There are 2 protein chains.
Amino acid sequence: MSLNETLQEQKDTLLEALQDEQREHLDELLPELRAADLAEILEDIIEEEDDLPLVLGLLDCLPIERRANVLGYLPGDEQLEIAEAISDDMLLLILEEMGSDERVDLFNLLGEDRRETLLRRMARQEREDLKRLASYEEGTAGAIMTSDYVAIPSGMTVSQAMMRVRQTAPDAETVYQLYIIDGDGRLAGTMSLRQLMVARPGAQVDDLMIKDVISISVDEEQEEVARLISRYDLLAMPVTDHDERLVGIVTHDDAMDVAESEATEDFHKGMSIGQLEDGVSRVPIWSLYRKRVTWLVLLVFANLFSGAGIAYFEDTIAAQVALVFFLPLLIGSGGNAGAQAATLMVRGMATGDVGVKDWSKLLGRELLVAGALGLTMAVAVAPIGVMRGGEAVAMVVAMSMVTIVLFGSLLGMCLPFVLERFKVDPATASAPLVTTLIDACGVVIYFTIATAILTGL
Amino acid sequence: MSLNETLQEQKDTLLEALQDEQREHLDELLPELRAADLAEILEDIIEEEDDLPLVLGLLDCLPIERRANVLGYLPGDEQLEIAEAISDDMLLLILEEMGSDERVDLFNLLGEDRRETLLRRMARQEREDLKRLASYEEGTAGAIMTSDYVAIPSGMTVSQAMMRVRQTAPDAETVYQLYIIDGDGRLAGTMSLRQLMVARPGAQVDDLMIKDVISISVDEEQEEVARLISRYDLLAMPVTDHDERLVGIVTHDDAMDVAESEATEDFHKGMSIGQLEDGVSRVPIWSLYRKRVTWLVLLVFANLFSGAGIAYFEDTIAAQVALVFFLPLLIGSGGNAGAQAATLMVRGMATGDVGVKDWSKLLGRELLVAGALGLTMAVAVAPIGVMRGGEAVAMVVAMSMVTIVLFGSLLGMCLPFVLERFKVDPATASAPLVTTLIDACGVVIYFTIATAILTGL
């Protein structure tokens, strides 16, 4: 049974028990469900059945800690909808139980009045922590970090540190990586729980810790955090402020989420779609329209260059209308090869496989590959040229194919590097942009070759 | 200073110390470098300077454990090159120090003779373990798992389990998630080290463990492992054989690598590029050619439909050559909108945001969005139509734009679902395929409308 089928079944059983008010059956079912799965079921109920009271009823059957946990797995829209339907008292209890990174995400969604009310009722330390976390710009390390980490004051022995770990365990996001802090709150070193466990109880933590810690500044981009966690296989990454003070950590699971959403963003950019604020099935239609229309309209105007090329060669076309037969084929092939080349570079840059310094080496490789591709495609198209218009047309078409594919591939390959050079995101070299550019150039190349050969004959 | 610049500097200092034979300086520099960074430097030396002896010299300066560690971070090609240059004795020592998942990856790269020689010289248990791990098919959970996990026999107390963790700590990939095994080697439950640390020493592990473990079969696809680890925020995921016996675990860092390479594969598929066996800057040119040429040539033939459409309407075109002016623009716009729609669905399906059951809802949304996009683009192109060919041409072009964009978007949106339905990877609905299909349909739509309106007038 697939994950989706299992979920659907669990949801049906749950709804049945709820409608029949079989509270006992419900109390049996609910603890068996994982938070991520329960969240997905609740999301389904809100989206498909639009039945918020049902969701609130289900949440009421859960202990507070679990409510907080499930809520953290829901998308922002649904979190907000639920938060707006429950009392301040309950919301405060739930916020308290949430991890600090999820707490601030929900908090930032609330209206200003509600935020003020809640803040006033929080303990001072909690309030300060929340306000601080809420102040970091979206997309930065600060915005995704949690302040629930295990800090060990410098100077502790191994057994003291172990005691501290045990005390902090219930609240910390992870207890497996410990951060040693000096008197000024600066990050002095790091140590894994594994190291701590096998160390002599009387040893000094300062003698055992790794001093050269991989850390990141609060202002750094979130994708850089994900990249470093992946590169160095870290469990968590410490985040420091401008005075090198430890202010939070980002854990591996959050880094994985960031990597996924960054990849999705790049997928969309690759088709000239702007950054969506939610999944494609959930984002408002108006927003989807806006994120798609900008480049589409820009490219309509860019396409006028193709039209201008065609207008320039109108006499050639009028004299030999059969040439139009090969036009979509030739410019389409160039566009496809060019989009391939661009995508290979853009993705290579995003994963760190390709750097600006590799440009000349990659240009040489692309020259060879694109030349071979162009020749192969020319061989494929030449017989059709003979059939449709004789040998002269076949020669025009084959020569145009090689030239357009070669030119298109090189253009597609170089564009991401040029953009990177001018500090523009290389992913802007999207397939639609690349194919539109190649369309225009392809028209000119094709009809220039056609005019030269067919007039010459 | 960026990561790349830091690395370049470290590499220069390192090479200098090596060339001047400043062994002392080298002994100072090497321990400061992280394994991942040192591996990148070695990779650079092999690729750019083709100086294998230099690399071997550097590796000789490292303790065996670190050699194994650095080797594990190198790409397969480089690992093999180094392995082939060192003695059986040394290779055995290094293999012994590697994690079992990296060990088997390197082992699988070696020639059969070398493998036999090495196997004969290994201890029995190590040999069996290696042979077993080597037997799993690439791309499965079995192929990426490690057998270095902490197994706790069912029936132990908390303090006994803690002792076991301490003993296993030096070799295990992670000690933070423990797996409880019954008498038959079956996975009975799981427990985090955190839970174990705060538990009463005399308590029974069997009473504390979570019995409903998320596990996966050895044969499952590696991307499913990554998806589940991401969904449930796991540190590691247990892998079981057909008798439910625990045979290995996949850790979060390996899951993140899998997610990244799967995303890269999907990026390439989105441009009709086959699966590359290595990064784009490293894969052999011949292989890059083969992975790109297949679809390009197929699409050349698919493009003949566009040509056929044009041939069919040759009279209309001959009578009004100005129509050709708008041809690339119209079919290009349809292709762009269609490729956007297809990509949104393909990525949505890959991340689990879109399921087959959402089809009808998404179709309704796409109808609205694509309609609005088509109208906007028609408004943009209409004035140009008036300028180039008068009001009749403007009407033809505007009507064609709306129809082609609407049709292209719906085609692009539906294609991934159709492919999924027929058990074909939805990512096959690549931008080149979608645009080629829309090109052909666009030609027919455009000239049909043109013939109807211009002949009618």
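Residues numbered from 1 in each chain as written. Chains lettered and ligands numbered in written order. Predicted model: local features only at pLDDT ≥ 70, side-chain atom pairs only at ≥ 80, totals over all residues. Heavy atoms only, no water.

K.L.:
Give me the lowdown on the sheet that holds strand β5 (residues 236-240) of chain A, citing residues and values where you can.
P.N.:
All names here are of chain A. Spatially, the 3 strands line up as an open sheet ordered β4-β5-β6, and their pairing is mixed. The two strands at the open ends of the sheet, each matched to only one other strand, are β4 (216-217) and β6 (246-251). Of the strand pairs in this sheet, β4 and β5 are connected by 2 bridges, and their pairing is parallel. Bridged to I216 within β5 is V239. (Pairing = 2+ DSSP bridges. Helix = DSSP H or I, 4+ residues; strand = E, 2+ residues; numbered from the N terminus.)

K.L.:
Please provide a residue-by-residue account of the interface of chain B and chain A, values included.
P.N.:
Listed by partner, the interface residues are 122 residues for chain B and 122 residues for chain A. Summing both partners gives a buried area of about 10,600 Å² for chain B against chain A, and 64% of it is carried by carbon and sulfur. Taken together, the connections running from chain B to chain A amount to 10 salt bridges. At the surface where chain B touches chain A, the tally comes to 49 residue pairs in polar contact (both at pLDDT 80 or more). Its residues placed into classes, the side of chain B that touches chain A shows 73 nonpolar, 22 polar and 27 charged. (Contact = heavy atoms within 4.5 Å. Buried area = accessible area lost by both parts, 1.4 Å probe. Salt bridge = Lys/Arg side-chain N within 4 Å of Asp/Glu carboxyl O. Polar contact = N/O pair within 3.5 Å; in protein donor to acceptor, adjacent residues only side chain to side chain. Nonpolar A, V, L, I, M, F, W, Y, C, P; charged D, E, K, R; others polar.)

K.L.:
Just give me the short version of the packing of helix α21 (residues 359-421) of chain A against helix α17 (residues 285-302) of chain B, but keep the residues and values in it.
P.N.:
In contact at an axis separation of 11 Å, α21 of chain A and α17 of chain B are set at 30° when each is read in the N-to-C sense. Here α21 of chain A lies roughly parallel to α17 of chain B, going by the angle between them. Where α21 of chain A crosses over α17 of chain B, the handedness of that crossing is right-handed. The residue makeup of the contact of α21 of chain A with α17 of chain B, split by class, is 17 nonpolar, 2 polar and 3 charged. (Axes fitted to C-alpha atoms, helices over the stretch in contact; angles between N-to-C directions. Parallel < 35°, antiparallel > 145°, perpendicular 65-115°, else oblique. Left-handed = near helix turned anticlockwise from the far one by under 90°.)

K.L.:
Describe the environment of E221 of chain A, naming the residues involved and giving the relevant values.
P.N.:
Residue and element names in this part refer to chain A. Looking at the secondary structure, you find E221 in the loop between β4 and α15 (222-231). Judged by relative accessible area, E221 falls into the partly exposed class, the value being 45%. Along the chain, E221 and G389 lie 168 residues apart, while their C-alpha atoms are 57 Å from each other. (Buried < 20%, exposed > 50% of the residue type's maximum accessible area, 1.4 Å probe, protein only.)

K.L.:
Can you tell me about α17 of chain B, naming the residues and giving the values?
P.N.:
Residue and element names in this part refer to chain B. Given a rise of 1.5 Å per residue, 18 residues ought to cover 26 Å, and the 26 Å separating the end C-alpha atoms of α17 matches this to within 8%. In α17, a bend of some 35° at V293 exceeds every other bend along the element. For α17, the set of buried residues is S287, L288, Y289, R292, V293, L296, V297, L299 and V300. (Expected span 1.5 Å × (residues − 1). Bend = angle between axes of the 7 residues up to and from the residue.)

K.L.:
Please give an account of the relation of the copies chain B and chain A that cites residues and values.
P.N.:
Of the two same-sequence chains, chain B is brought onto chain A (RMSD 0.0 Å, axial shift 0.0 Å) by a rotation of 180°. In symmetry terms, the pair is related by a two-fold rotation axis. Taken together, the interface assignments show that 100% of the residues at the interface of chain B recur at the interface of chain A, consistent with an identical surface on both copies. (Least-squares fit on C-alpha atoms with pLDDT ≥ 70 in both.)

K.L.:
I'd like to hear about the pairing of strand β6 (residues 246-251) of chain B, residue by residue, with values.
P.N.:
Burial analysis of β6 of chain B places 6 of its 6 residues in the buried class, which makes it a mostly covered element. Between strand β5 (residues 236-240) of chain B and β6 of chain B, which follow one another and run antiparallel, lie 5 residues, and E244 of chain B among them has a positive phi close to 65°.

K.L.:
Give me the lowdown on the sheet that holds β6 of chain B, citing residues and values where you can.
P.N.:
If you walk across this open sheet you meet the 3 strands as β4-β5-β6 (chain B), and the pairing is mixed. A strand with exactly one partner marks an edge of an open sheet, and here the two such strands are β4 (216-217) and β6 of chain B.

K.L.:
Explain helix α7 (residues 88-97) of chain A to me, using residue names and the numbers behind them.
P.N.:
All names here are of chain A. Taken residue by residue, α7 has L91, L92, I94 and L95 as its buried positions. What you see down the axis of α7 is that its buried residues fit within an arc of 165°, all on one side. Where the residues of α7 are buried, they touch α5 (64-73), α6 (76-85), α8 (100-109) and α9 (112-120). (Arc of directions from axis to C-beta.)

K.L.:
Which residues make up a negative patch on the surface, and what are the values?
P.N.:
Taken together, E102, D105, E137, E138, D219, E220 and E221 of chain A make up a surface patch of like negative charges. If you trace the backbone, E138 of chain A turns up in the loop between α10 (124-134) and α11 (141-144). (Patch = residues over 30% accessible without salt bridge, like charges linked within 9 Å, V, L, I, M, F, W, Y side chains within 5 Å. Areas by Shrake-Rupley, 256 points an atom, 1.4 Å probe, with all protein chains shown as cover. Lys, Arg positive; Asp, Glu negative; His and termini not counted. Charge placed at Lys NZ, Arg CZ, Asp CG, Glu CD.)

K.L.:
Which residues make up unusual backbone geometry, and what are the values?
P.N.:
Residues and elements named next belong to chain B. The phi dihedral of D233 falls on the positive side, at around 50°, and the residue is not glycine. On the basis of relative accessibility, which here comes to 28%, the residue D233 falls in the partly exposed class. Despite not being glycine, K423 has its phi angle at roughly 60°, a positive value. As for its placement among the helices and strands, K423 is situated in the loop between α21 (359-421) and α22 (431-456). Judged by its relative accessible area of 79%, K423 is exposed.

K.L.:
Let's hear about the side chain of N336 of chain B: which residues, and what values?
P.N.:
Summarising the element assignment, N336 of chain B is placed in helix α20 (residues 327-351). Note on N336 of chain B: relative accessible area 5%, which makes it buried. Residue contacts for N336 of chain B: discarding those within four places in its chain leaves L296, L299, P432, T435 and T436 of chain A.

K.L.:
Go over the domain arrangement of chain A, please, and point to the residues and values.
P.N.:
Along its sequence, chain A is organised into domain 1 (3-135), domain 2 (150-250) and domain 3 (303-456). Centre-to-centre separation of domain 1 of chain A and domain 3 of chain A, based on C-alpha positions: 53 Å. (Domains from an automatic or database assignment.)

K.L.:
Please give an account of a nonpolar patch on the surface that cites residues and values.
P.N.:
There is a patch of nonpolar side chains on the surface, built from V418, F422 and V424 of chain A and spanning about 280 Å² of accessible area. With respect to the secondary-structure elements, F422 of chain A resides in the loop between α21 and α22 (431-456).

K.L.:
Outline the pattern of salt bridges, listing residues and values.
P.N.:
Oppositely charged side chains can form a pair if their charged atoms are brought close together. Residue and element names in this part refer to chain A. In total, this model carries 46 salt bridges over all chains according to the counting rule given. Close ionic contact of D89 with R121 constitutes a salt bridge, the shortest N to O distance being 2.4 Å. Note that D89 is positioned in helix α7 and R121 in the loop between α9 and α10, a separation of 32 residues in sequence. K291 is the salt-bridge partner of E277, the closest N and O atoms lying 3.7 Å from each other. Here E277 is found in the loop between α16 (252-269) and α17 (285-302), whereas its partner K291 is found in helix α17, with 14 residues between them in sequence. Given the relative accessible area of 23%, K291 is considered partly exposed. Taken together, the shared-partner salt bridges connect E43, E47, E78, D278 and R282 into one network.

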